[in-house]
Amino acid sequence: MTELASSAWAGASGFLVDTNVLLDVATGDSIWSDWSAEVLARSIRSGPVYINPLIYAEVSVGYAGIEELDEQIPAGILRRVPLPYAAGFLAAKAHRSYRRRGGSRIATLPDFYIGAHAVVAGLTLITRDARRYRTSFPTLRLIAPTA
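Worth saying up front: this structure is predicted, and the values here are computed from it rather than measured.

Student: Which residues make up the packing of aromatic side chains, and what values do they have?
Tutor: This model, assessed by the stated rule, comprises two aromatic pairs. Consider the rings of W32 and W35, whose centres lie 6.1 Å apart with planes at 85°: the pair is edge-to-face. Relative accessible area serves as the criterion here: at 4%, W35 is assigned to the buried category. Between the aromatic rings of Y98 and F112, the centroid separation amounts to 5.2 Å while the plane-to-plane angle is 55°, which identifies the pairing as tilted. Of this pair, Y98 sits in helix α5 (residues 85-100) while F112 sits in helix α6 (residues 109-121), and the two are 14 residues apart along the sequence. The class of F112 is buried, set by a relative accessible area of 1%. The ring of Y98 has R132 sitting right over it, with the charged end atom 5.6 Å from the ring centre.

As structure tokens, this is what we get:
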């Protein structure tokens with residue numbers, strides 16, 4: 001499906017994993033689960049992998065109880081970090097710019113907050129939604145499908 005460039009992991013101080021990657025693995029997505037599982041496993045071997053409360057909340061929709069969710073995304077493997085206030089500011093500015101360029105209303109502020117969090121924290125973002133992140137956060141390091 002896509003090549004995984006080894007340079008994507010080189011020098012990374014950590015990774016923030018986007019909701020879509022976690023959902024691919026959890027649901028066994030017929031198109032993306034293999035790619036997402038491989039990238040997630042490689043990232044876990046390469047450095048700390050983080051989620052924030054927005055990612056946790058978005059993934060939680062598919063689970064009946066918090067215990068089941070915590071079993072699927074164990075804190076010892078996917079480290080939980082708070083959202084920086086500076087990321088909130090950057091997210092709002094990026095979202096406003098996106099909307100002014102004619103961006104769709106389905107692009108929600110939490111998506112921008114996730115990208116801004118990775119920028120502010122100096123993390124590499126693992127996502128399948130590279131286009132919006134590349135446009136809104138050009139300095140953000142991404143691990144994303146190339147095709």
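Picking up where we left off.
Student: For the sheet that holds strand β5 (residues 142-143), give the residues involved together with the corresponding values.
Tutor: Judged by pairing direction, the sheet is parallel, and its five strands sit side by side in the order β3-β2-β1-β4-β5 without closing on themselves. Edge strands, defined here as strands with exactly one partner in the open sheet, are β3 (78-80) and β5. One ladder, built from two bridges, connects strand β4 (residues 124-126) with β5; its direction is parallel. Directly across from L125, in β5, lies its bridge partner L142.

Student: Please provide a residue-by-residue account of α6, values included.
Tutor: Between its first and last C-alpha atoms α6 spans 18 Å; for 13 residues at 1.5 Å apiece the expected length is 18 Å, and the two agree. Those residues of α6 lying buried are D111, F112, I114, G115, A116, H117 and A118. Taken together, the buried residues of α6 touch β1 (15-17), α1 (19-27), α3 (53-60), α5, β4 and α7 (130-136). G122 sits one or two residues past α6 and shows a positive phi near 70°.

Student: Can you tell me about the environment of A144, naming the residues and giving the values?
Tutor: Mapped onto the fold, A144 is located in the segment after β5. A144 sits in the buried class, given a relative accessible area of 12%. Between the alpha carbons of A144 and V21 there is a distance of 9.8 Å; along the sequence they are 123 residues apart. Setting aside its immediate chain neighbours within four residues, A144 contacts W35, T127, A130 and R134.

Cut-off values and rules
Residues numbered from 1 in each chain as written. Predicted model: local features only at pLDDT ≥ 70, side-chain atom pairs only at ≥ 80, totals over all residues. Heavy atoms only, no water. Phe/Tyr/Trp six-rings, centres within 6.5 Å; stacked < 30°, edge-to-face > 60°. Buried < 20%, exposed > 50% of the residue type's maximum accessible area, 1.4 Å probe, protein only. Helix = DSSP H or I, 4+ residues; strand = E, 2+ residues; numbered from the N terminus. Lys NZ or Arg CZ within 6 Å of the ring centre and 35° of its normal. Pairing = 2+ DSSP bridges. Expected span 1.5 Å × (residues − 1). Contact = heavy atoms within 4.5 Å.

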